Amino acid sequence: MPSNKSVSDAPITQFVNCRILKDHKLQWEDLWVREGKILNPEKLFFDEEGFADHKVDCEDKIIAPGFIDVQINGGYGIDFSQASSDIRGGVALVAKKILEHGVTSFCPTLVTSPSDIYHKFLIVSVLQKVVLLDLLAPVMLLCFSPQVIPELRVQDGGPEGAGVLGIHLEGPFISEEKRGAHPPKFLRTFKAGGLADLMEIYGHLDNVAMVTLAPELANSAAAIHELSGRGIAVSLGHSMADLSQAEEAVQHGAKFITHLFNAMLPFHHRDPGIVGLLTSDRVPPGRTVYYGMIADGIHTHPAALRIAHRAHPAGLVLVTDAVMAMGLPPGRHTLGQQQIDIQGLHAYLTGTTTLSGSIATMDMCVRHFREASGCTVEAALEAASLHPAQMLGISHRKGTLEYGTDADFVVLDDTLTVRETYIAGQKVWRK
Amino acid sequence: MRLVILDDYDLASEWAAKYIRNRIVQFKPTADRYFTLGLPTGSTPLGCYRKLIEYHKNGDLSFKYVKTFNMDEYVGLPRDHPESYHSYMWNNFFKHIDIEPQNTHILDGNASDLQAECAAFEQQITAAGGIELFVGGIGPDGHIAFNEPGSSLVSRTRVKTLAKDTIVANARFFGNDLSKVPTMTLTVGVGTVMDAREVMILITGAHKAFALYKAIEEGVNHMWTVSAFQQHPRTIFVCDEDATLELRVKTVKYFKGTISTKILSSNFFSTLIIIKNMLLEHQISIFE
């Protein structure tokens, strides 16, 4: 066969005998990958007269875009919010382990913490722009000691683990009454709400993807505006806001709700609260309000999950809100600045009945969501991939199997169990 | 000609696909001697393509040493538009089989010099050694490829403006919006298809019945360009029962092999009259 090297020398892999999630449907189509991106085979055929170098037989399995977890506090004994000396090693360990759950991209979440923790983890060195940063890091530290290498930063995924899309800062600008498991002494309010407040607490915002805040706090509008303007997704949560306060926040740029139903006022028929955003008629045209749901069967009653899904199916985003105990055996552990107890699939604040995050994995959430809501396989898969990507504004490269997007995908069987995980077209985990 | 009549669309598609398969297999194509196949688009051949894909997946048919030449393509439609004939061929055929991309030939409706593109296509056919088997369909107005009524019966590959009938017929693929249907195409000529060593025309459905009647029971006429194949040494028309609705019972029975032998055993004068009528009809057709 003559060579097919008219556009690129890189090898082309064709996944055959599979059903892929495309145009919101599972279709019997082959998936083509080159140089870490999904390739258009028709263009390859007619423009380049190209063909596949390798064929992978998927044996009738399902290929879905890799799952994206926008709220995960840690796992396998690692707590992202803890002041550990090797936070990057911790993130890397979790990133590697969650490949088993089909997660190819995630937002490590920091719960309400003291200001120095934020400064330590988020501080950015001016040297970040330099290539080979990791190799030169120890040298730079010696030469430029006042500048610290970023501990938590945006990073592509690969065989080492799922990609970091950015950090999710859950707090400290949240409501005291609805703080849930967050430590009360580190909660904050806005002085003026502008950049100054944010910088004073957080330090730097370069690697931040999302911020959860309570919009009823005074001067929150300026903060929401500032964060949205920087492309950071503002999420409403741990809040006592009523519906009109929530709608105003959406008008200023908020686009997500942190774990719907949990840590907010319950739905009331005369004041639906934040939950009312799902069917609000004051959402600016062309915008969608997305909402996170912990579909572990514990944080939300299946009937409530169904109500939310049926009211606003396009906005549902599955999140794990996994705590460090995820993946660990039952017993007592530390989350942020507090202690928790694991009993089966439940994780409680020690000595209370307050839930402190879930220990379900993303693939469990997908399966549970499908079962509890009776939705289609496609809807369940999109809630874990397309919707989070749309919420973060990255659906042009993640969360879908469209041509030209990153080849991050999972191979699943009909029970929606993850069998293989791929990042940039490379197999990074196999059952 | 040979008129092969099957009971329904699926059986007609299967017969046609088996014929193509057998021709390719018996030809035993190699790297030095490709089997050249002319191919159509539209809804009629879809069943045939599905069957060919099935034979390929069963291991009974390989397209490795087959070269294909499509009949036509719209002018000005982006190549990756879902209704372009490139997209049609990719989705309905090429992506499911082992044909090599450089062995497929489809006219480029976005070429900067359309005339040159048509001339080049003719040259590619010649260079490939001519077409072994050209498979085609028939339009409701009796056209072969886009050789609309009035096309020269010795025409070659060229640009053609579509007839109103064809635009209306195609509107269903463009959301029933006539303004979105392309008005010009590049098409092989009647003469181009006549040059093929063998021609097989697929005709199914009652809406094609009148065109079939005009094509085979009336004379050779440039208003019904498929009729040109009455003058081709090896043509097969494959159709379903519905497509024969406008034909004479006698024609259908003859080709189905069910003509009664009673005609020969009736008395001498009846036989003479019948023969005389047949001769008269035959004479009329020639001078039309």
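Provided above is the structure to which this section pertains.
Here the structure is a predicted model, which is why all the values come from computation and not from measurement.

A.B. asks: Would you explain the overall build of chain B in this entry?
C.D. replies: Counting secondary structure elements, chain B contains 10 helices and 10 strands. The C-alpha atoms of chain B give a radius of gyration of 20 Å, which matches the 19 Å a tight globule of 288 residues would have. Its C-alpha atoms put chain B at 65 × 45 × 35 Å along the principal axes. For chain B, long-range pairs separated by at least 24 residues make up 78% of all intrachain contacts whose partners lie at least 6 apart in sequence. On chain B, roughly 13600 Å² of surface is accessible, and the fraction owed to carbon and sulfur atoms is 55%. The averaged location of the 32 negative side-chain charges in chain B is 5 Å from the averaged location of its 29 positive side-chain charges.

A.B. asks: What am I meant to see in the overall build of chain A here?
C.D. replies: Summing up its helical and strand segments, chain A has 11 helices and 22 strands in all. Projected onto its principal axes, the C-alpha positions of chain A cover 70 × 60 × 45 Å. Across the 431 residues in chain A, those meeting the buried criterion constitute 58%. Expressed as a percentage of contacts within chain A between residues at least 6 apart in sequence, the contacts between residues at least 24 apart total 69%. A total accessible area of about 17400 Å² is found for chain A, and carbon and sulfur atoms account for 53% of it. Charged side chains of chain A number 36 positive and 48 negative; the gap between the two group centres comes to 2 Å.

A.B. asks: Whenever I open this one, the sheet that holds strand E8 (residues 184–187) of chain B confuses me. Can you help?
C.D. replies: Sheet strands pair via backbone hydrogen bonds, and the direction of the pair is either parallel or antiparallel. All names here are of chain B. Across the sheet, 3 strands lie side by side as E4-E8-E7; this open sheet has antiparallel pairing. Looking at strand neighbours, the two that pair on one side only are strand E4 (72–74) and strand E7 (158–161), the edges of this open sheet. Averaged over all adjacent pairs, the angle separating strand axes in this sheet is 30°, with direction ignored. As paired elements, E7 and E8 share 4 bridges and run antiparallel to each other. Each residue of the ladder has a partner; that of arginine 158, found in E8, is threonine 187.

A.B. asks: Hey, could you run me through the side chain of Ser13(B) in this one?
C.D. replies: Relative to the helices and strands, Ser13(B) resides in helix H1 (residues 9–27). Once residues within four sequence positions are removed from consideration, Ser13(B) is found in contact with Gly47(B) and Cys48(B).

A.B. asks: Explain empty space enclosed by the protein to me, please; I cannot follow it from the model alone.
C.D. replies: To find the voids left in a structure, one rolls a probe of water-molecule size over its atoms. All names here are of chain A. What the rule picks out here adds up to 1 cavity of 30 Å³ or more. Approximately 30 Å³ is the volume attributed to the largest cavity. Forming the boundary of the largest cavity are Asp69, Ile72, Ile98, His101, Val103, Thr320, Met326, Thr361 and Met362.

A.B. asks: Sorry, what's going on with the sheet that holds strand E1 (residues 2–6) of chain B here?
C.D. replies: Residue and element names in this part refer to chain B. Strand order in the open sheet formed by 7 strands is E1-E10-E9-E6-E2-E3-E5, with parallel pairing between adjacent strands. On the outer flanks of this sheet lie E1 and strand E5 (104–105), each paired with one strand and no other. Across 3 bridges, the pairing between strand E6 (residues 133–136) and strand E9 (residues 199–203) is parallel. Within E9, the residue paired with phenylalanine 134 across the bridge is valine 199. Together, E1, strand E2 (35–39), strand E3 (66–70), E6, E9 and strand E10 (235–240) form the strand contacts of H1, whose direction differs from that of E10 by roughly 150°.

A.B. asks: Sorry, what's going on with the packing of helix H2 (residues 46–57) of chain B against helix H3 (residues 85–92) of chain B here?
C.D. replies: Two packed helices can be described by the angle between their axes and the distance between those axes. Residues and elements named next belong to chain B. Taken N-terminus to C-terminus, the directions of H2 and H3 make an angle of 40°; their axes are 10 Å apart at the nearest point. The angle between H2 and H3 places the two elements in the oblique class. On H3, the residues that touch Leu46, Tyr49 and Ile53 of H2 are Tyr88, Met89 and Asn92.

A.B. asks: Explanation requested: the nonpolar core in the structure shown.
C.D. replies: By size, the foremost hydrophobic cluster in this structure holds 93 residues, and its most contacted members are Phe67(A), Phe106(A), Tyr202(A) and Leu381(A). In terms of residue count, helix H9 (residues 362–373) of chain A provides more of this core than any other element does, 5 residues in total. Aside from chain neighbours lying at most four places away, what touches Tyr202(A) is Tyr118(A), His119(A), Leu122(A), Leu169(A), Gly171(A), Pro172(A), Phe173(A) and Val211(A). Of all hydrophobic cores here, the second largest spans 50 residues; its members include Phe45(A), Phe27(B), Tyr88(B) and Ile97(B).

A.B. asks: Would you take a moment to explain the side chain of Lys22(A) for this structure?
C.D. replies: Residues and elements named next belong to chain A. In this fold, lysine 22 is placed in strand E1 (residues 12–22). Of the buried charged residues, lysine 22 lacks a salt bridge, with glutamate 402 as the closest side chain of opposite charge at 4.9 Å. Dropping the residues within four chain positions of it, lysine 22 is found in contact with Gln27, Leu401, Glu402 and Tyr403.

A.B. asks: Sorry, what's going on with the pairing of strand E21 (residues 418–423) of chain A here?
C.D. replies: It is a general feature of regular strands that their side chains alternate between the two faces of the sheet. Residue and element names in this part refer to chain A. A large share of E21 lies buried, amounting to 5 of its 6 residues. Hairpin geometry of strand E20 (residues 409–412) and E21 is characterised by an intervening segment of 5 residues between the two adjacent antiparallel strands and by a positive phi of about 60° at leucine 416. The turn linking E21 back onto strand E22 (residues 426–430) is made up of 2 residues, and alanine 424 within it adopts a positive phi angle of 50°.

A.B. asks: How should I be thinking about the interface of chain A and chain B in this particular structure?
C.D. replies: Interfaces are often described in size by the accessible area the parts lose on coming together. Between chain A and chain B, the residue contacts involve 12 residues of the former and 14 residues of the latter. Each partner contributes to the roughly 1200 Å² buried at the junction of chain A and chain B, and carbon and sulfur atoms together form 62% of this total. Ranking the residues of chain A by area buried against chain B places Glu42(A), Phe45(A) and Phe46(A) at the top, with a combined share of 54%. For the pair chain A and chain B, the interface holds 2 salt bridges. Between Asp47(A) and Arg79(B) there is a salt bridge, and its shortest N-O distance comes to 2.7 Å. The element that contributes the greatest number of residues to the side of chain A that touches chain B is helix H1 (residues 41–47) of chain A, accounting for 6 residues. Considered class by class, the residues forming the side of chain A that touches chain B number 6 nonpolar, 1 polar and 5 charged.

Calculation rules
- Residues take numbers from 1 onward in each chain, read along the sequence in its written order.
- The lettering of chains begins at A and the numbering of ligands begins at 1, in the order of writing.
- Note on the predicted model: pLDDT of at least 70 is required for a residue's local features to be given, and 80 or more for side-chain atom pairs to be given and counted; whole-chain, interface and lining totals, by contrast, use all residues.
- Hydrogens and waters are ignored; side-chain quantities use all the structure's heavy atoms.
- Here a helix means four or more residues in a row that DSSP labels H or I, a strand means two or more in a row labelled E, and each is numbered from the N terminus.
- Radius of gyration: C-alpha atoms only; globule rule: 2.2 Å multiplied by the number of residues to the exponent 0.38.
- Contacts were defined at the residue level, with two residues in contact if any of their heavy atoms lie within 4.5 Å.
- The Shrake-Rupley method, run with a 1.4 Å probe sphere, supplies the accessible areas, and residue values consider only the shown protein chains as cover.
- Only four residue types enter the tally: Lys and Arg on the positive side, Asp and Glu on the negative side, with His and both chain ends excluded.
- To locate a charge, take atom NZ for lysine, CZ for arginine, CG for aspartate or CD for glutamate.
- When a residue's accessible area, from a 1.4 Å probe over protein chains only, is under 20% of the maximum for its type it is buried; when over 50% it is exposed; and in between it is partly exposed.
- Note: two strands are recorded as paired if DSSP finds a minimum of 2 bridges between them.
- Axis definition: a line fitted to C-alpha atoms, over the contacting stretch in the case of helices. Angles run 0 to 180 degrees between N-to-C directions.
- A cavity here means a set of points on a 1 Å grid, drawn over the protein atoms and nothing else, where a 1.4 Å probe fits but cannot get out; a pocket is an open set with protein on both sides within 12 Å along at least five of seven lines, and a residue lines either one if it has an atom within 4 Å of a point.
- Grid points are joined across faces, edges and corners, and a volume is the space filled by probe spheres set on the points.
- Roughly parallel means an angle under 35 degrees; roughly antiparallel, over 145; roughly perpendicular, 65 to 115; everything else is oblique.
- Only buried residues count toward a nonpolar core. Its members are Ala, Val, Leu, Ile, Met, Phe, Trp, Tyr and Cys residues joined through side-chain atoms within 4.5 Å.
- Criterion for a salt bridge: a side-chain nitrogen of Lys or Arg within 4 Å of a carboxyl oxygen of Asp or Glu.
- Put simply, buried area is the surface a 1.4 Å probe can reach on two separate parts but cannot reach once they are joined, added for both.
- All residues other than Ala, Val, Leu, Ile, Met, Phe, Trp, Tyr, Cys, Pro, Asp, Glu, Lys and Arg, Gly among them, are scored as polar; the first ten of these are nonpolar and the last four charged.

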